[in-house]
Each structure stands twice: as structure tokens, then as C-alpha cells.
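# What the coordinates show
Take a look at the letters that make up each chain.
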Amino acid sequence: MNLAIRALGVSKQYRLGSGARGGFNTLTETLAGAPRRIFNSVAGRDSIRPAHDAHFWALKDVSFDVKPGEAVGIIGKNGAGKSTLLKILARIVEPTAGRIELRGRIGSLLEVGTGFHPELTGRENIFLNGSILGMSRREIARNFDAIVAFSEIEQFIDTPVKRYSSGMYIRLAFAVAAHLDPEVLIVDEVLAVGDATFQRRCIDRMRELAAGGRTILFVSHNMDLIPRLCRRAVLLDRGQVADVGDAGSVTQAYLNRLVADARGGDLRDKPRSGDGRARFIRATLIDDAGQPTHQFTSGSDLTIRMEIESKQAIPSVAAAVVLRTLYGMRAITSWTQEAGFAAALEPGIQTLECRFRKAPLRPGHTILVDLWLAAGAVIDSVEGALVVDVAGDERHAHLSTNADQGIVVCDYQWNKV
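The model shown is predicted, which means the values in this text are computed figures rather than measured ones.

## Some thoughts on unusual backbone geometry
Within the chain, arginine 91 stands out as a residue other than glycine whose phi angle is a positive 65 degrees. Relative to the helices and strands, arginine 91 is located in the loop between helix H3 (82-89) and strand E4 (97-102). Look at arginine 91 and you get exposed, because its relative accessible area is 59%.

## Notes on the pattern of salt bridges
For the coordinates displayed, the defined rule picks out 18 salt bridges. A salt bridge links arginine 99 to glutamate 101; the nearest nitrogen and oxygen atoms lie 3.1 Å apart. Using a relative accessible area of 47% as the deciding quantity, one classes arginine 99 as partly exposed. For glutamate 101, a relative accessible area of 23% gives the class partly exposed. Two residues, glutamate 119 and lysine 162, come together in a salt bridge whose shortest N-O distance is 3.0 Å. With a gap of 43 residues between them, glutamate 119 in the loop between strand E5 (106-109) and helix H4 (122-132) and lysine 162 in the loop between helix H5 (137-151) and helix H6 (166-179) connect regions that are remote in the sequence. Given the relative accessible area of 46%, glutamate 119 is considered partly exposed. Overall, lysine 162 belongs to the partly exposed group, its relative accessible area being 46%. Through salt bridges with shared partners, one network takes in Arg99, Glu101 and Arg103.

## A short note on the sheet that holds strand E8 (residues 232-237)
A sheet is described by the order of its strands in space; here 6 strands give the open sequence E5-E6-E7-E3-E8-E9, paired in mixed fashion. Lying at the two open borders of the sheet, with one neighbouring strand each, are E5 and strand E9 (240-246). If you compare each strand with its neighbour and ignore which way they point, the axes differ by 15 degrees on average. As judged from the 4 bridges shared by strand E3 (residues 71-75) and strand E7 (residues 215-219), these two strands associate in the parallel manner. Considered in E7, the bridge of glycine 73 is made with phenylalanine 218. Against the sheet, H3 engages E3, strand E6 (184-187), E7 and E8, with an angle of about 135 degrees to E3.

Cut-off values and rules
Residues numbered from 1 in each chain as written. Predicted model: local features only at pLDDT ≥ 70, side-chain atom pairs only at ≥ 80, totals over all residues. Heavy atoms only, no water. Helix = DSSP H or I, 4+ residues; strand = E, 2+ residues; numbered from the N terminus. Buried < 20%, exposed > 50% of the residue type's maximum accessible area, 1.4 Å probe, protein only. Salt bridge = Lys/Arg side-chain N within 4 Å of Asp/Glu carboxyl O. Pairing = 2+ DSSP bridges. Axes fitted to C-alpha atoms, helices over the stretch in contact; angles between N-to-C directions. Contact = heavy atoms within 4.5 Å.

And the structure:
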């Protein structure tokens, strides 16, 4: 069978505790700024790092095939091993066991500026990155104008890239990777840093490449995008392949699993990321009477209660609660620093509450709650810690409950003028 990619029993083991892992950071861990570091730096981490030396399997016996011209999505929770798999496919990391068979030139976009030299200009880096990808100078020159036009940074093309913003970096990096004629394009969730218009153009470009017979592997938390871009999907769970098949079916199975896993509220055995100094052990939706519930009425106060167990005193922490749709779109984000709330942890168990006042979520949605805790580095992060069913009352009787109508609802009126 003619295959573009074949993974055969791929496994990757890391040694943790003494820094031996090697610190393979993802895109979002590279971006500056405390808010983004708090909310996004956990992407692609594969386990909590214990204080003592230990080993863990980021990937275990992963096997799948990709045909030429296929667009395949790689999905799973944070810590499932997605980024580790892509780094092995891109030949950044070697597997501990198993093997990868790749046919054709590989273009990869896993981190901002991978293959870029900060002291060189955008123009020079296009030629440098193209050479790394195996292109001749003539081939790069032939595609140069298209790369620059796509990136929309013409006026900065002769500026050293160390002066670029993260958005400019990712525009140029994607433009290079997508226009230097790769047979296989590997894309991690890097498009999240671009604006909506740029994201749309990147998606359209990937569709063009797939239609032209190029092979695409795409990681995203956007479960609405995966079935629209990809024909098949691979679901990873704790480093192993949990499902492979039609993108729509695999995505729906993953969403069903997310909802089922988030119903319990007990977080002790949840997959998570962070250094483990403290950890969320329970999350509960609280109604107006102070009682646990799974259902929230649109327009009411929405209260999330979190129990945190800390191994030590941490005098200043930032805690975050993110409400998002099943398809990965953030609806509301709350974090203690933005609210001016000075959070601190003592050894033992303590409880925090986050109350969203009159949350205007549209009835009919199922909302997942993600939790983050950080102090310098991420301490604990739990994706899909809790599920919230959004209901309506008499105020919403006229509203559609179709999730396609949006995430929030507000009062509005029409007039003829």
C-alpha cells in the first residue's frame, strides 16, 4: 500500500524530576506575557513532574497509517501525547521504541520560529528555513513573493525577526511551511495566536494543499474545525491510540468521553499538567442555595467551587477558571489577578469559589470547565474538570437552543428607521 506516513508501535519514555526531560516546549510556552503563559503554557505537556526521578511513557505503542493526500486530525486532552507524537514525526525527537516511515518532504509548524534565527531578517530566514526543509535557493526564490504576500509583513521583511511580535512570527512561519511545497505538512495548534482572518486563510491554504494531493497532520482543540478540515482523526488518550476513523465519528466519541469524565467532580485521577506543588481535587457547580448541581439557568449567577490540596505554603498564586464549549471555543475566562484577588495556599486542603455574575450563556449549550493554578510556573491544570448544562426559563422561551446560534445571549430589539 502506498502510504505517506506509517507509525509502527511508536513509544516515547521521559525521565522526570531532575530536568532530564529536556524541556521540549510548545508554541504557547514560548509566548511572552503572564496571562497567555497561565492559560496556554500547559498545551502539550505530557505529565505532572514529580519531585523525585521517575519515568513515564508520553507515548505507548502508537500505530496508524496516513495515505497521500489525506488530512488527518490528532485530538485528545492536554497530556495525551499529541505534541510528543508530532515532534517525533517532524524528527525533532527520537522515539524510545517503534519506528516512523515518512515518504516525501516534511514541512512542520510546531512552535513559533522553529528553524528561524532571531538575528536574521525575515527575508534571510525565509531562505534559511527553506534550506532546512531541503529546498534549493531557486525554488525558494520562486515562492518568495507568495510567502511574503501571505504573511502580510512586507514592510518588516528586512527587519530582524527578534523584533517581530508573536503574531508576525507565526504569520511568516506558517507562510514558509505552507508555500515551500512539502509533501507532508505537520501543524500543531499554532493558529490560535493569529487573528480570525489569518486563521481562516491558513485553513483555506491547508485545504488547498490537501486538494492538491499533499498530506496534512493537524492538531487542534477546536472540535468543530477537525471534521471540517480532516477526513480522518486519531484520538490519543494518555499516550495511547484510543480510536482511529472517520473524523466526525471520532470527534463525537471524544466529546462524549469528555462529558462523561467531567460529570463526577472528583479530580484526583484526572489527566493533568503542572509541577504538582498543589492540585485540584474536586470541582463543583453550586446553585443559589449552595447545593451541588450540574444545571445552570442562563442569566443567573454561575458559581464554581474548587477544592485544592497543597503540599506546601505558596504565598501568591494565580487561579483561573475557563468556560468553553465542547468544540473548544472559550466563552468566558476568569482569573484571580485580573479580579484583583490575592490568592495564597497553605499546606492541606482549601476551597476557592469563582462566581460569574448573571452569566449570559445561551440555553442548550453544554459547557466544559477548565482549571489552572500557577505561581511562576504552572502548578496544576485540569482540562474538562467539570461539565455544565445550560438551561433556560420563561425568559428564554422564544430563543432557539441550537448551539449554532452562538454562545451567549443578550437582550436586543429591532427597529425600522
